[in-house]
Amino acid sequence: MSKNKVLQPDFKFSFLLPKYWPTWLGVFILYSISWLPYKLQLSLGRLIGRLLFKLGSKRQRVALTNLRLCFPEKDEAELQRILKANFENTGIALLETGMGWWWPDWRVKRKMTIKGLHHLEKAKKEGKGVLLLAMHYLSVEMNARGVGYGHPMVVFYRPHNNQLMEYFQFRGRGRSNKYMLGKRDVKGLIKALHDGEVCIYLPDQDYGRNRSVFVPFFGVKEAASTTGTLIFARQKNVETMMILPIRNDDGSGYTLEILPPFENFPTNDDIADVTRVNQELEKAISVKPEQYMWLHRRFKTRPNPEDPSLYK
């Protein structure tokens, strides 16, 4: 088994300094709210989201721009409906951070339905590693916690800039999984795949011009899309799959579905392979577009540096 390539953040006495007091206050509030009844937290999260919608005009513009670019076939009324619902889901996501980090195992398991585990089990029996592609659905904190109960995994993630928040984030996300790898530890993830692990990787955001190609993503014909996926997918004896994480509309919890392995993937054509990944992401995101993280400037990197921003 691979050893954890991330130095697990330890508690530091410096976390008690005044600069961290606002973080401690936020953590205390989040922790306290996490013990409220689940459906009450959903309602409270929606209220927070509506407040964010009224106050966050800049992020509102980013999200609406993304929706207009991605769904040119939808009329403005439908886009506004998705936008408002997306902010409500963003408010819920804030509270799901507390649920994902501090809920006891029994409470998380009770809210999780995991489908398609037989795809992972088949790959494991064949001695293969699995590159499990995910996307930034807003329920990511509960998803990261819940998926490990179906099959403990290796999580490739971005460490938090705030060291105290990283202390909590690392422990919260890793409670049900094997271990976590920082986003720069490419060798660590390759080793985990060679060891037959299931590794979660998120290829859906704009990670800049480095190691990217410009291929279609929804309604944008030239979207910067990472080729990092292919570094891992092209490793020997590795299968690529995707996970679809949904927060159930009826407030009953979450449905995480492992989709069948990609067939005839990857090839030796970067453009074709990344385009294929984007197409699969589109299908998954379109299931519940209001639950996806549209607040990120997905199309900030333009094909030519001198091209005007799509967000002005």
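Nothing here was measured: the structure is a model prediction, and the numbers come from that model.

Moving on, we get to a nonpolar patch on the surface. Together, F11, F13 and L16 make up an exposed nonpolar region whose accessible area comes to about 370 Å². Tracing the chain through its elements places F11 in the segment before helix 1 (21-33). Here F11 falls in the partly exposed class, since its relative accessible area comes to 39%.

The subject of this paragraph is the sheet that holds strand 8 (residues 238-247). In spatial order, the strands read 1-9-8-2-5-3-4; together these 7 strands make up an open sheet with mixed pairing. Because the sheet does not close on itself, it has two edges, and the strands there are strand 1 (112-115) and strand 4 (179-182). Each strand axis lies, on average, 25° off the axis of its neighbour in the sheet, ignoring direction.

Below, the discussion takes up the pairing of strand 2 (residues 129-133). Of all the 5 residues making up strand 2, 5 are buried; the element is thus mostly covered by neighbouring parts of the structure. The alternating pattern of strand 2 places G129, L131 and L133 on one face and V130 and L132 on the opposite face, and all of these are buried. Across 5 bridges, the pairing between strand 2 and strand 8 is parallel. Bridge pairing in strand 8 links G129 to V238. In terms of strand pairing, strand 2 meets strand 5 (residues 198-201) through 4 bridges, oriented parallel. Along strand 5, the bridge assignment pairs L131 with C199.

On to the pattern of salt bridges, then. As enumerated under the stated definition, the model contains 16 salt bridges in all. A salt bridge links K128 to E126; its shortest N-O distance comes to 3.3 Å. Note on K128: relative accessible area 22%, which makes it partly exposed. With its nearest N and O atoms 2.9 Å apart, the salt bridge here joins D270 to R234. One end of the pair, D270, is in helix 11 (residues 270-287); the other, R234, is in the loop between helix 10 (228-233) and strand 8, with 36 residues separating them in the sequence. The class of D270 is partly exposed, set by a relative accessible area of 31%. Each of K122, E126, K128 and E239 takes part in a single network of salt bridges with overlapping partners.

We now examine helix 3 (residues 57-70). Between its terminal C-alpha atoms helix 3 stretches 20 Å, which fits the 20 Å expected from 14 residues at 1.5 Å a residue. Three or more residues of helix 3 are buried, namely V62, A63, L64, T65, N66, L67 and C70. Elements in contact with the buried residues of helix 3: helix 4 (76-102).

If you check UniProt for "transmembrane region" (unreviewed entry), the listed places come out as residues 20-38 in our numbering. Segment residues 20-38 splits into 74% helix and 0% strand. End C-alpha atoms: 29 Å apart.

Once that is clear, we can look at the UniProt feature "short sequence motif: HXXXXD motif" (unreviewed entry) in the chain. Mapped onto this structure's residue numbering, the UniProt feature "short sequence motif: HXXXXD motif" (unreviewed entry) falls at residues 136-141. Helix and strand shares over residues 136-141 are 33% and 0% respectively, and the end C-alpha atoms of the span are 10 Å apart.

Leaving glycine out, the prevailing phi sign among residues is negative, and the prevailing peptide bond configuration is trans. With an omega of -5°, the peptide bond running from F265 to P266 counts as cis. One non-glycine residue with positive phi stands out, namely R211, at about 55°. Residue position: R211 is located in the loop between strand 5 and strand 6 (212-217). Of note in the backbone geometry, N237 takes a positive phi value of approximately 65° without being a glycine. For N237, the position within the fold is in the loop between helix 10 and strand 8.

Per-residue pLDDT for the chain averages 94, and the proportion of residues at 70 or more is 98%. Looking over the chain, one finds the lowest element-wise mean pLDDT in strand 4, namely 87, and the highest in helix 11, namely 98. Predicted confidence for residues 1-5 stays below pLDDT 50, and this span has 16 contacts to residues more than four positions away or in other chains.

Let us now look at the nonpolar core. L131, M135, L189, F232, I285 and W294 are the most contacted members of the largest nonpolar core, which totals 50 residues. Those residues within four positions of L189 in sequence are excluded, and the remaining contacts are V154, F156, L181, C199, Y201 and F232.

The next subject is the packing of helix 1 against helix 4. Geometrically, a packed helix pair is captured by the angle between its two axes and the distance between the axes. Two elements in contact, helix 1 and helix 4, have axes whose closest approach is 8 Å; the angle formed by their N-to-C orientations is 75°. With respect to their mutual orientation, helix 1 and helix 4 come out roughly perpendicular. Facing helix 1, whose interface residues are V27, L30, Y31 and I33, helix 4 presents L94, L95, T97, G98 and W102. Grouping the amino acids of the contact of helix 1 with helix 4 by side-chain chemistry returns 7 nonpolar, 2 polar and no charged.

Cut-off values and rules
Residues numbered from 1 in each chain as written. Predicted model: local features only at pLDDT ≥ 70, side-chain atom pairs only at ≥ 80, totals over all residues. Heavy atoms only, no water. Patch = residues over 30% accessible without salt bridge, like charges linked within 9 Å, V, L, I, M, F, W, Y side chains within 5 Å. Areas by Shrake-Rupley, 256 points an atom, 1.4 Å probe, with all protein chains shown as cover. Salt bridge = Lys/Arg side-chain N within 4 Å of Asp/Glu carboxyl O. Helix = DSSP H or I, 4+ residues; strand = E, 2+ residues; numbered from the N terminus. Buried < 20%, exposed > 50% of the residue type's maximum accessible area, 1.4 Å probe, protein only. Pairing = 2+ DSSP bridges. Axes fitted to C-alpha atoms, helices over the stretch in contact; angles between N-to-C directions. Expected span 1.5 Å × (residues − 1). Contact = heavy atoms within 4.5 Å. UniProt positions renumbered as here; feature names shortened; annotations may be inferred. pLDDT = per-residue confidence, 0-100. Core = buried A, V, L, I, M, F, W, Y, C linked by side-chain atoms within 4.5 Å. Parallel < 35°, antiparallel > 145°, perpendicular 65-115°, else oblique. Nonpolar A, V, L, I, M, F, W, Y, C, P; charged D, E, K, R; others polar.

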